[in-house]
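# Notes for the structure review
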Amino acid sequence: MPEGHTLHRLAKAHHARFAGGVVRVSSPQGRFADGAALVDGRVLVRAEAWGKHLLHHYDSGLVVHVHLGLYGKFTESTGPLGDPVGQVRMRMAGAGKSGAELYGADLRGPTACEVLHDPEVAALTARLGPDPLRRNADPGQAWQRIHRSARSLGALLMDQSVLAGVGNVYRAEVLFRHGISPYRPGKSLSRTEWDALWVDLVELMKVGVRRGKMHVVRPEDDHGAPSYAADRPRTYVYRRVGEPCRLCGATVLHAVMEGRNLFWCPSCQPR
């Protein structure tokens, strides 16, 4: 599932390319036809992300909410759009406020693609924890939930009501970078430890927005064994089960925590 940096990167791109101009919205697949008709021909005021949620705000006051889920993806292009390929849930076409270059985006396979009113958007964001990539995010809000909880930190960091936008990769890697076991209960974490985790998450996720890929390994450790996939940067523990830790050589372990794969080094992250 795409993590928060992907949605913020999409929001920036959509704001830059569509905001300030009329957007033609359709649903070639048909499943979003009624929603598309409500915003088709309206001006996009802004696009923003909150955690793993993408929000398109139109001048009518309506908001298109997209959650990519496991399989959702935007395919984007410049110039006139050809015939849709595959099951396109939502198609957007516009030239932004400049009106100079036509731009298109096709959305396929999202978990959610719906039109919301302001109270529904407010209810959605109220259910989410602070997003490290939002300027007004309050790390203290997440800390209040974490330091009172007996749940494991590995589970808490993935709970979107505690912390919005963090997924499996950032969870595994930030805990490793700070030598914290994912099995430690939240209430055992000090405020100093939490503040350091938060600052690191902010910086790591900003790098993800800028580069379009996660870069979580410090420069001095960015050597040795290759990444877990040809098109991905190296990780410390994520998807490296059975391989030696980049720092200490211990075997990276794997388990399932609350339905999600978990990776950690038992030596660098002792319980």
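Residues numbered from 1 in each chain as written. Predicted model: local features only at pLDDT ≥ 70, side-chain atom pairs only at ≥ 80, totals over all residues. Heavy atoms only, no water.

### A word on the UniProt feature "domain: FPG-type" (unreviewed entry) in the protein chain
Mapped onto this numbering, the UniProt entry annotates "domain: FPG-type" (unreviewed entry) at residues 236-270. Secondary structure over residues 236-270 splits into 0% helix and 29% strand, and the C-alpha atoms at its two ends are 15 Å apart. (UniProt positions renumbered as here; feature names shortened; annotations may be inferred. Helix = DSSP H or I, 4+ residues; strand = E, 2+ residues; numbered from the N terminus.)

### Topic: the sheet that holds strand 5 (residues 73-78)
The eight strands lie next to each other as 5-7-6-1-2-3-4-8, forming an open sheet whose pairing is antiparallel. Taken across any chain shown, the strands that pair with only one partner, and hence form the sheet edges, are strand 5 and strand 8 (112-116). Here the strands of the sheet are splayed against their neighbours by 25° on average, with no regard to which way each runs. The pairing of strand 3 (residues 53-58) with strand 4 (residues 63-67) spans five bridges and is antiparallel. By the bridge assignment for strand 4, His53 is matched with His67. (Pairing = 2+ DSSP bridges. Axes fitted to C-alpha atoms, helices over the stretch in contact; angles between N-to-C directions.)

### Observations concerning unusual backbone geometry
At Arg239, a residue that is not glycine, the phi angle is positive and equals roughly 55°. Mapped onto the elements of the fold, Arg239 is located in the loop between helix 7 (191-211) and strand 9 (253-257). Of the residues examined, Arg239 reaches a relative accessible area of 45% and is grouped as partly exposed. Here the phi dihedral of Glu258 falls at roughly 50°; this positive angle occurs in a residue that is not glycine. Looking at the secondary structure, you find Glu258 in the loop between strand 9 and strand 10 (260-264). (Buried < 20%, exposed > 50% of the residue type's maximum accessible area, 1.4 Å probe, protein only.)

### Some words on a positive patch on the surface
Side chains of Lys12, Arg135, Lys206, Arg210 and Arg211 sit close together on the surface and give a patch of like positive charge. The leading source of residues in the positive patch is helix 7, at three residues. (Patch = residues over 30% accessible without salt bridge, like charges linked within 9 Å, V, L, I, M, F, W, Y side chains within 5 Å. Areas by Shrake-Rupley, 256 points an atom, 1.4 Å probe, with all protein chains shown as cover. Salt bridge = Lys/Arg side-chain N within 4 Å of Asp/Glu carboxyl O. Lys, Arg positive; Asp, Glu negative; His and termini not counted. Charge placed at Lys NZ, Arg CZ, Asp CG, Glu CD.)

### Thoughts on the UniProt feature "domain: Formamidopyrimidine-DNA glycosylase catalytic" (unreviewed entry) in the protein chain
Under the feature "domain: Formamidopyrimidine-DNA glycosylase catalytic" (unreviewed entry), the UniProt entry names residues 1-94. Across residues 1-94 one finds 23% helix and 40% strand; the C-alpha atoms that close the span lie 28 Å apart.

### Things to note about the pairing of strand 10
The pairing of strand 9 with strand 10 spans five bridges and is antiparallel. Within strand 10, the residue paired with Leu253 across the bridge is Trp264. Turn length for the strand 9-strand 10 hairpin, with the two strands adjacent in sequence and antiparallel, is two residues, and the turn residue Glu258 shows positive phi of about 50°.

### Observations concerning the pairing of strand 8
Of all five residues making up strand 8, four are buried, and the element is well covered by its neighbours. Relative to strand 8, strand 4 is paired through five bridges, and the arrangement is antiparallel. Residue pairing in the sheet places Val66 in a bridge with Cys113 of strand 8.

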